[in-house]
Amino acid sequence: KAGVTQTPRYLIKTRGQQVTLSCSPISGHRSVSWYQQTPGQGLQFLFEYFSETQRNKGNFPGRFSGRQFSNSRSEMNVSTLELGDSALYLCASSLAGLAAKQFFGPGTRLTVL
Amino acid sequence: EDQVTQSPEALRLQEGESSSLNCSYTVSGLRGLFWYRQDPGKGPEFLFTLYSAGEEKEKERLKATLTKKESFLHITAPKPEDSATYLCAVQARGETSGSRLTFGEGTQLTVNP
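Heads up: these notes are all about the structure in this document. For clarity, every value in this text was computed on a predicted model and none was experimentally measured. (Residues numbered from 1 in each chain as written. Chains lettered and ligands numbered in written order. Predicted model: local features only at pLDDT ≥ 70, side-chain atom pairs only at ≥ 80, totals over all residues. Heavy atoms only, no water.)

### Considerations on the state of the cysteines
Residue and element names in this part refer to chain A.
Part 1 of the reasoning: Here the structure, examined in full by the defined rule, presents two disulfides over all chains.
Part 2 of the reasoning: Across a sulfur-sulfur distance of 1.7 Å, Cys23 and Cys91 are joined as a disulfide pair. In this structure, the disulfide formed by Cys23 and Cys91 twists by about -50° around the S-S bond and is classed as left-handed. Residue Cys23 is found in strand E3 (residues 19-24), and its partner Cys91 is found in strand E9 (residues 87-94); the two are separated by 68 residues along the sequence. (Disulfide = S-S within 2.5 Å. Helix = DSSP H or I, 4+ residues; strand = E, 2+ residues; numbered from the N terminus.)

Here it is, written out as structure tokens:
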């Protein structure tokens, strides 16, 4: 079974631009969560989508948004990029049930100049 | 607010030297405690889920245990390939929690040959 895939793997943007990251979950998984990982803050929860609906949201500004499609693929968007948005963005998928194992993708490394 | 604290931040062992990593947590009702392993430049790899105090799980040289306030990851006779960052995360009960994981900062383990 193929794992979680994320595209692109690396991205360089400048301040003020916007970016869209993509995540394809494991086949059959309906829940997709997004996390931001930085050296100073560790892994922080951004949001979770389940059956195309946002089920939970972390403490990030409204510049961070996401969506999920009917095939469970998910995208996250960051508008008006800031230097502090430089991070590894990780996507995780799981089966429908809560407390199910979450499987992470390799991440997208975003650098904001 | 859910909190996870891992100690030590870094641990250096000789091959074959057993040790334990600690994960202390505060959560408003635990749904599950998760252990992950993360190699540099990669996404976290799932290791274990523990659901209730007293539960134990094993995989090769790793054994995870859970009490009401902390979890331990015991590493028996480690090998250099066990070198990685080990992450602990909790998932809280509650209708609004969804699949959200709250992570600790991780323990960076180095095993020297």
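### Some details on unusual backbone geometry
Backbone geometry follows two general trends: most residues other than glycine have a negative phi, and most peptide bonds adopt the trans configuration.
Part 1 of the reasoning: Cis geometry is adopted by the peptide bond preceding Pro8 of chain A, which originates at Thr7 of chain A and carries an omega value of -10°.
Part 2 of the reasoning: Looking at the secondary structure, you find Pro8 of chain A in the loop between strand E1 (5-7) and strand E2 (10-13).
Part 3 of the reasoning: That bond from Ser7 of chain B to Pro8 of chain B is cis: its omega, -10°, falls within 30 degrees of zero.
Part 4 of the reasoning: Positionally, Pro8 of chain B belongs in the loop between strand E1 (3-7) and strand E2 (10-14).
Part 5 of the reasoning: Even without glycine at this site, Ser72 of chain A takes up a positive phi of about 75°.
Part 6 of the reasoning: Along the polypeptide, Ser72 of chain A turns up in the loop between strand E7 (64-68) and strand E8 (74-78).

### So, the packing of aromatic side chains
Any pair of aromatic rings gets described here by the distance separating the centres and the angle formed by the planes.
Part 1 of the reasoning: In this structure the tally under the stated criterion is 10 aromatic pairs over all chains.
Part 2 of the reasoning: Relative to Phe103 of chain B, the ring of Tyr35 of chain A has its centre 5.7 Å away and its plane inclined at 90°; by these criteria the two rings are edge-to-face. Remark: Phe103 of chain B occurs in strand E10 (residues 102-103) and Tyr35 of chain A occurs in strand E4 (residues 31-38); the pair is interchain, linking two chains.
Part 3 of the reasoning: On the basis of relative accessibility, which here comes to 0%, the residue Tyr35 of chain A falls in the buried class.
Part 4 of the reasoning: Taking relative accessible area as the criterion, Phe103 of chain B reaches 9% and is therefore assigned buried.
Part 5 of the reasoning: Measuring from centroid to centroid gives 5.3 Å for Phe104 of chain A and Tyr36 of chain B, while their planes differ by 90°, and the two rings are edge-to-face. A residue pair is termed interchain when its members come from two chains, as with Phe104 of chain A in strand E10 (residues 103-104) and Tyr36 of chain B in strand E4 (residues 30-38).
Part 6 of the reasoning: Each member of the aromatic cluster is reached from another via a ring pair, and the members are Tyr35, Phe45, Phe103 and Phe104 of chain A together with Tyr36, Phe46 and Phe103 of chain B.
Part 7 of the reasoning: The ring of Phe50 of chain A carries Arg55 of chain A above its face, with NZ or CZ at 4.5 Å from the centroid. (Phe/Tyr/Trp six-rings, centres within 6.5 Å; stacked < 30°, edge-to-face > 60°. Buried < 20%, exposed > 50% of the residue type's maximum accessible area, 1.4 Å probe, protein only. Lys NZ or Arg CZ within 6 Å of the ring centre and 35° of its normal.)

### Focus: the sheet that holds E1 of chain B
Residue and element names in this part refer to chain B.
Part 1 of the reasoning: Across the sheet, which stays open at both edges, the five strands sit in the order E1-E3-E8-E7-E6 with antiparallel pairing between neighbours. Looking at strand neighbours, the two that pair on one side only are E1 and strand E6 (56-59), the edges of this open sheet. Strand-to-strand, the axes of this sheet are offset by a mean angle of 15°, without reference to chain direction.
Part 2 of the reasoning: The pairing of E1 with strand E3 (residues 19-26) spans five bridges and is antiparallel. (Pairing = 2+ DSSP bridges. Axes fitted to C-alpha atoms, helices over the stretch in contact; angles between N-to-C directions.)

### A look at the nonpolar core
Part 1 of the reasoning: Core analysis: the biggest nonpolar cluster contains 25 residues, and Tyr25, Leu33, Trp35, Leu73 and Tyr86 of chain B have the highest contact counts within it.
Part 2 of the reasoning: Listed by contribution, the elements that provide at least two residues to this core are E2, E3, E4, strand E5 (45-50), strand E7 (62-66), strand E8 (70-75), strand E9 (84-92) and strand E11 (107-112) of chain B.
Part 3 of the reasoning: No other element matches E9 of chain B, which puts five residues into this core.
Part 4 of the reasoning: Membership of the second largest hydrophobic core comes to 21 residues, among which are Ile26, Phe64, Leu81 and Leu110 of chain A. (Core = buried A, V, L, I, M, F, W, Y, C linked by side-chain atoms within 4.5 Å.)

### Topic: the sheet that holds E8 of chain A
All names here are of chain A.
Part 1 of the reasoning: Ordered in space as E1-E3-E8-E7, the four strands form an open sheet in which the pairing is antiparallel. Among the strands making up the open sheet, the edge pair consists of E1 and E7. Strand-to-strand twist of the sheet, defined as the mean angle between neighbouring strand axes without regard to direction, takes the value 20°.
Part 2 of the reasoning: As defined by bridge partners, E7 adjoins E8 across five bridges and the pair is classed as antiparallel.

### Remarks on the pairing of strand E6 (residues 53-57) of chain A
All names here are of chain A.
Part 1 of the reasoning: Both strand E5 (residues 42-50) and E6 contribute to a ladder of four bridges, which runs antiparallel. From the neighbouring strand, Phe50 faces E6, where its bridge partner is Thr53.
Part 2 of the reasoning: Counting the residues that bridge the hairpin from E5 to E6 gives two residues, and of these Ser51 lies at a positive phi of roughly 50°.

### Things to note about the environment of Arg37 of chain B
Residues and elements named next belong to chain B.
Part 1 of the reasoning: Relative to the elements of secondary structure, Arg37 occurs in strand E4.
Part 2 of the reasoning: Separated by 48 residues in the primary sequence, Arg37 and Thr85 place their C-alpha atoms 5.8 Å from one another.
Part 3 of the reasoning: Every residue in contact with Arg37, bar those within four places of it in the chain, is listed here: Gly43, Pro44, Glu45, Leu47, Glu81, Asp82, Ser83, Ala84, Thr85 and Tyr86. (Contact = heavy atoms within 4.5 Å.)

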